Amino acid sequence: EINKQVEEYGERYILSWLYAKQNLPVNMQDKMLFNRIIESCDNKLYSTAKILQDTLHRYFPNSHYLMMARPEVAKLKLLLEQQKRNEKIVIHSGKKIRSLKELAGSYKGKVVYLDIWGTWCGPCREEMHYAPELKKRYAGKDIVFVYLDMDDDNKEAVWKEMVYLYELEGEHYRLNNDEIQNCWKEIENEGGSTNRYPTYVLFDREGKMVKANAERPGSREKLYKQLDEVL
């Protein structure tokens, strides 16, 4: 049961609570839970924040931290519901791509900027903060933003949740670690570094890989130069 919760909600959050429950004074346990709730909200992990809030309510129904936590979790829930209606977020659930060549070819006629990431990857999430700025700059241009998540199959719900909560407008696919290996081989064949998260790949309008390790969104002008050259 513990392993299942750790896999679903995150090791840092679940094990922190179990440690606190066993080792910290009772008057510190609710504070620790509150801190983990706020941290999970900051990382836009709604399901984790909700289970921790439920835990706080169960063990400390009169805690003043509970009143502080509820609005933060509610804001995250509202954002999730709003973004599920965002037609610019396209999730190809269950569609397993066989190669990056095939993936880029399905958007022939447009430049493809591919973001290979994972829900467990902190640097991946950091770079996503630059996505709105990037997409605003290239609004109306012949470029499509594609996201390829690497996560185990039991992370399907977590993947979708994070896509919505980070408001990642674009095309979304997910592969597990075994399935993504062919993609890394393609990148390696083009001289790129592999098995790094995040990794960004740039394809021209014909679906040809032109940058096996493209610049990240946070590099701004360096990436804009690469995109402009292909456009």
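Residues numbered from 1 in each chain as written. Predicted model: local features only at pLDDT ≥ 70, side-chain atom pairs only at ≥ 80, totals over all residues. Heavy atoms only, no water.

1. Some details on the sheet that holds strand E1 (residues 89-91)
In step 1: With mixed pairing, 6 strands are arranged side by side in an open sheet as E1-E4-E3-E2-E5-E6. Edge positions in the sheet fall to E1 and strand E6 (209-211), since each of these pairs with one other strand and no more. Ignoring which end each strand starts from, the neighbouring axes of this sheet average 30° apart.
In step 2: As paired strands, strand E2 (residues 111-117) and strand E5 (residues 199-203) are joined by 5 bridges and run antiparallel to one another. Each residue of the ladder has a partner; that of Val112, found in E5, is Phe203.
In step 3: Contacts from helix H11 (residues 221-230) reach E2, strand E3 (143-150), E5 and E6, with the element oriented near 20° to E5. (Pairing = 2+ DSSP bridges. Helix = DSSP H or I, 4+ residues; strand = E, 2+ residues; numbered from the N terminus. Axes fitted to C-alpha atoms, helices over the stretch in contact; angles between N-to-C directions. Contact = heavy atoms within 4.5 Å.)

2. Brief notes about H11
In step 1: Those residues of H11 lying buried are Leu223, Tyr224, Gln226 and Leu227. Take H11 and look down its axis: the buried residues cluster within an arc of 160°, on one side only. For H11, the exposed residues set more than 90 degrees away from the buried face come down to Glu221, Lys222, Lys225 and Glu229.
In step 2: Tucked inside the fold, the buried residues of H11 contact E2, helix H8 (131-137), E3, E5 and E6. (Buried < 20%, exposed > 50% of the residue type's maximum accessible area, 1.4 Å probe, protein only. Arc of directions from axis to C-beta.)

3. Section: the packing of aromatic side chains
In step 1: For the coordinates displayed, the defined rule picks out 8 aromatic pairs.
In step 2: Ring geometry for Trp120 against Tyr197: centres 5.0 Å apart, planes inclined by 70°, an arrangement best described as edge-to-face. Here Tyr197 lies in the loop between helix H10 (177-189) and E5 and Trp120 lies in the loop between E2 and helix H7 (122-128), a separation of 77 residues in the sequence.
In step 3: An aromatic cluster is built from Trp17, Tyr59 and Phe60, whose rings are joined through pairwise contacts.
In step 4: A cation sits over an aromatic face here: Lys44 above Tyr166, 5.1 Å from the ring centre. (Phe/Tyr/Trp six-rings, centres within 6.5 Å; stacked < 30°, edge-to-face > 60°. Lys NZ or Arg CZ within 6 Å of the ring centre and 35° of its normal.)

4. A closer look at the state of the cysteines
In step 1: Enumeration according to the criterion identifies 1 disulfide in this entry.
In step 2: Covalently, Cys121 is tied to Cys124 through a disulfide, its sulfur atoms 2.4 Å apart. Every disulfide takes its handedness from the sign of the S-S torsion; for Cys121 and Cys124 that torsion is 80°, giving right-handed. Cys124 shares its class with Cys121; the two are buried.
In step 3: The closest cysteine sulfur to the non-disulfide-bonded Cys183 is located on Cys124, 15 Å from its own sulfur. (Disulfide = S-S within 2.5 Å.)

5. Focus: the pairing of strand E4 (residues 170-175)
The side chains of a regular strand alternate between the sheet's two faces.
In step 1: Burial runs high along E4: 6 of the 6 residues are buried.
In step 2: The pairing of E3 with E4 spans 5 bridges and is classified as parallel. Counted as the bridge partner of Leu148 is Tyr173 from E4.
In step 3: For the crossover that starts at E3, traverses helix H9 (residues 156-165) and ends in the parallel E4, the hand is right-handed. (Right-handed = clockwise from strand over helix to strand, strands pointing away.)

6. Remarks on the pattern of salt bridges
It is possible for side chains of opposite charge to pair when their charged atoms get near one another.
In step 1: The tally for this structure, following the rule as stated, stands at 15 salt bridges.
In step 2: Put simply, Asp153 and Arg174 hold a salt bridge, and the shortest N to O gap is 3.0 Å. Of the two residues, Asp153 sits in the loop between E3 and H9 while Arg174 sits in strand E4, which places them 21 residues apart along the sequence.
In step 3: Look at Arg174 and you get buried, because its relative accessible area is 6%. (Salt bridge = Lys/Arg side-chain N within 4 Å of Asp/Glu carboxyl O.)

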